[in-house]
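Below are the chains, spelled out letter by letter.
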Amino acid sequence: MDKKILFLFFFCITLHLAAIVSAQLQVGFYNTKARCPAAETIVRDTVRTRFSSDRSITAALLRMYFHDCFVRGCDASLLIDSKNTKNKKSEKDAGANGSVREYGLIDQIKSKLEATCPNTVSCADIIALATRDAVALAGGPSYSIPTGRRDGLVSDPSQVNLPAPSITVPQAIQTFQSKGFNVNEMVSLLGGHTVGITHCSFIQGDRLSRADGSMDTKLFGSLKKTCSSKGDSPVFLDQNTSFVVDNSFYKQLRLKKGILKIDQLLASDRSTTGIVTNFASNPKAFQQAFANALIKLGNTQVLVGKSGEIRKNCRAFNPPPSPPPKITKSPPPPPPKIIKSPPPPPPKIAKSPPPPPPKVFSPPPPPPPKVFSPPPPPPPKILTSPPSPPPKVFSPPPPPPPKVSIFSPPPPSPSMVSVSPPPPPVSNSDRFLPVFGPQA
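On a predicted model such as this, the values are computed, not experimentally measured, just so you know.

Visitor: It is not clear to me how the overall build of the protein chain should be interpreted in this structure. Could you clarify?
Guide: Per the secondary structure count, the protein chain includes 13 helices and 2 strands. Per-residue burial for the protein chain yields a buried fraction of 36% across its 440 residues. Taking contacts inside the protein chain between residues at least 6 apart in sequence as the whole, the part at least 24 apart equals 77%.

Set out below in structure tokens:
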């Protein structure tokens with residue numbers, strides 16, 4: 001009882017994580033200018049060209065898709081070559097993956113995508129898209145699948161644990177449920193055996209060892225003859241429409257023409273027989289269920305966002321990025337030593353005499369103007385001349401006596417009488433001054 005509860009707990013956790021991851025994937029993830037809008041067209045065209053020359057690539061891609069996603073999730077870890085790992089081993093070395101092929105087709109698609117939009121489309125998305133296109137080309141359902149997966153960083157053969165072709169239905173149910181698939185989805189995914197082949201070595205022990213009535217008698221005889229005479233010959237899993245994705249596989253199971261043990265048991269186990277009957281009689285039900293199961297398979301444990309990487313070569317992990325240059329942090333310089341010197345002595349205050357009063361510059365008085373004085377003239381020569389006669393004093397004659405009349409005007413006042421002043425005396429010195437001015 002405790003084991004069942006524990007199983008249900010982990011089953012619920014797985015479903016929850018799957019829901020979160022699927023929300024991060026999106027249909028048309030690359031259909032933006034910033035990514036790679038031509039990505040899905042490049043994948044589809046390359047697959048179509050390959051399918052036109054080899055219709056078996058549908059089975060090969062379905063096998064690659066299932067074997068990759070069922071181990072560590074859809075992370076393209078199956079594509080890594082052994083030589084490109086540290087221990088020289090990869091998932092390709094696991095026995096169950098020995099028959100996986102079409103790695104070259106994935107390389108071809110990757111090369112074209114890197115030429116168009118480098119470092120953008122993951123190898124995990126290439127597998128999912130190429131499988132989708134191959135299924136549609138083989139007559140199966142056309143469906144849209146979310147993208148945005150990233151490539152894994154581990155490829156370990158010891159982790160490969162795929163369901164064997166000889167397990168029972170209960171064992172198969174438990175294996176698929178551990179990956180989050182219910183019974184209906186398990187039967188749908190096993191419907192991929194509608195195309196492809198197996199080999200005699202996988203059926204000789206449990207299907208051809210004895211006639212137990214679980215295989216059509218005619219088919220049993222034919223396969224017994226083929227496998228005994230031709231060694232490990234290939235055998236078609238769908239003996240009717242071997243290259244077409246249809247519901248013929250389930251019809252073959254109801255006729256006891258299932259090749260692998262697990263396939264035939266689906267038609268007889270009570271937990272799965274109803275699903276087989278439904279798909280055998282309703283091709284549309286199978287087409288829809290098959291498309292839904294493939295989409296869900298593509299959401300198994302995927303890496304998104306910053307997880308994983310986008311490989312440049314699907315067969316090898318990207319080389320680690322070169323480490324950034326080491327920046328040597330030199331120790332900080334020691335703090336400067338502060339030497340405490342004794343305080344300086346107080347300055348000696350010298351009492352100096354008071355400063356002299358400022359000198360007031362007084363310009364010297366201007367020299368007195370030079371007054372040019374001509375040299376004194378030589379003393380005049382005094383010639384002794386006879387004394388000049390005294391000047392004649394002109395005395396006008398006395399006026400006639402006035403006629404006395406009673407009507408005569410009064411005599412003039414003394415102020416109205418003009419008396420000429422006597423001329424100045426003439427000195428001897430003025431008499432002999434030169435008439436041409438002073439001499440220098």
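Visitor: Where do I start with the environment of S158 in this structure?
Guide: Positionally, S158 belongs in the loop between α5 (123-137) and α6 (169-177). Owing to a relative accessible area of 59%, S158 belongs among the exposed residues under this scheme. Through-space distance from the C-alpha of S158 to that of A94 is 7.5 Å; in sequence the pair is 64 residues apart. A distance of 2.8 Å separates a polar atom in the side chain of S158 from a polar atom in the side chain of D156.

Visitor: Mind showing me how you'd approach the side chain of D54 here?
Guide: Relative to the helices and strands, D54 is located in the loop between α2 (39-53) and α3 (57-72). Polar side-chain contacts of D54 include one of 2.6 Å to the side chain of S56. Here D54 is in contact with R101 and E102, once residues within four sequence places are set aside.

Visitor: What am I meant to see in the packing of helix α4 (residues 103-116) against α5 here?
Guide: Helix packing for two helices is described by the angle between their axes and how far apart those axes are. Viewed as axis vectors pointing N to C, α4 and α5 meet at an angle of 115°, and their least axial separation amounts to 10 Å. Relative to α5, α4 is oriented so that their crossing is right-handed. Together, I106, I109, K110 and L113 of α4 and C123, I126, I127 and A130 of α5 make up the contact between the two elements. Class assignment of the residues belonging to the contact of α4 with α5 gives a composition of 7 nonpolar, no polar and 1 charged.

Visitor: It is not clear to me how the packing of aromatic side chains should be interpreted in this structure. Could you clarify?
Guide: Aromatic ring pairs are described here by two measures, namely the spacing of the ring centres and the angle between the planes. This model, assessed by the stated rule, comprises 11 aromatic pairs. Their ring planes at 90° and their centres at 5.0 Å tell us that F29 and Y30 sit as a pair that is edge-to-face. For the pair formed by F29 and Y30, the shared burial category is buried. Between F66 and F176, the ring centres sit 6.1 Å apart and the planes meet at 35°, which makes this aromatic pair tilted. Taken together, the residues span a long stretch of sequence, with F66 in helix α3 and F176 in helix α6 at a distance of 110 residues. Residue F66 shares its accessibility class with F176, and that shared class is buried. Taken together, the aromatic side chains of F249, Y250, F279, F286 and F290 make up a single cluster linked through ring pairs. Positioned above the aromatic ring of F29 is the side chain of R35, whose terminal nitrogen or guanidinium carbon lies 3.9 Å from the ring centre. The ring of F70 is capped by K179, whose NZ or CZ atom sits 5.9 Å from the centre of that ring.

Visitor: Got a minute to help me understand unusual backbone geometry in this structure?
Guide: Most peptide bonds are trans, and most residues other than glycine sit at a negative phi. You will see that A76, though not glycine, has its phi angle at about 60°, which is positive. Among the structural elements, A76 can be located in the loop between α3 and α4. With a relative accessible area of 0%, A76 lands in the buried category. In this structure, N119 is a non-glycine residue whose phi angle is positive, near 55°. Inspection of the secondary structure assignment puts N119 in the loop between α4 and α5. Residue N119 is classed as partly exposed on the basis of its relative accessible area, which comes to 45%.

Visitor: Quick question: what am I supposed to make of the UniProt feature "active site" (unreviewed entry) in the protein chain here?
Guide: Using the residue numbers shown here, the UniProt feature "active site" (unreviewed entry) corresponds to H67. Take H67: it is sitting in helix α3. Judged by its relative accessible area of 7%, H67 is buried. For H67, the contacting residues outside a window of four places in its chain are L78, A96, N97, V100 and L162.

Visitor: How should I be thinking about helix α10 (residues 261-268) in this particular structure?
Guide: Every α-helix winds through 3.6 residues per turn, so residues three or four apart in the chain are directed the same way. Within α10, burial applies to I262, D263, Q264 and L266. Summarising the contacts, the buried residues of α10 are in contact with α6, α7 (183-190), α9 (248-254) and α11 (273-281).

Visitor: I tried to follow helix α8 (residues 217-229) on my own but got confused; where do I start?
Guide: With 13 residues, α8 should reach 18 Å at 1.5 Å per residue; the first-to-last C-alpha distance of 19 Å fits that figure. Capping the start of α8, D216 holds a side-chain oxygen 3.2 Å from the backbone nitrogen of K218, two or three residues further along. Looking one or two places after α8, you find G231, whose phi comes out positive at around 70°.

Reading the values: rules and limits
- Residues numbered from 1 in each chain as written.
- Predicted model: local features only at pLDDT ≥ 70, side-chain atom pairs only at ≥ 80, totals over all residues.
- Heavy atoms only, no water.
- Helix = DSSP H or I, 4+ residues; strand = E, 2+ residues; numbered from the N terminus.
- Buried < 20%, exposed > 50% of the residue type's maximum accessible area, 1.4 Å probe, protein only.
- Contact = heavy atoms within 4.5 Å.
- Polar contact = N/O pair within 3.5 Å; in protein donor to acceptor, adjacent residues only side chain to side chain.
- Axes fitted to C-alpha atoms, helices over the stretch in contact; angles between N-to-C directions.
- Left-handed = near helix turned anticlockwise from the far one by under 90°.
- Nonpolar A, V, L, I, M, F, W, Y, C, P; charged D, E, K, R; others polar.
- Phe/Tyr/Trp six-rings, centres within 6.5 Å; stacked < 30°, edge-to-face > 60°.
- Lys NZ or Arg CZ within 6 Å of the ring centre and 35° of its normal.
- UniProt positions renumbered as here; feature names shortened; annotations may be inferred.
- Expected span 1.5 Å × (residues − 1).

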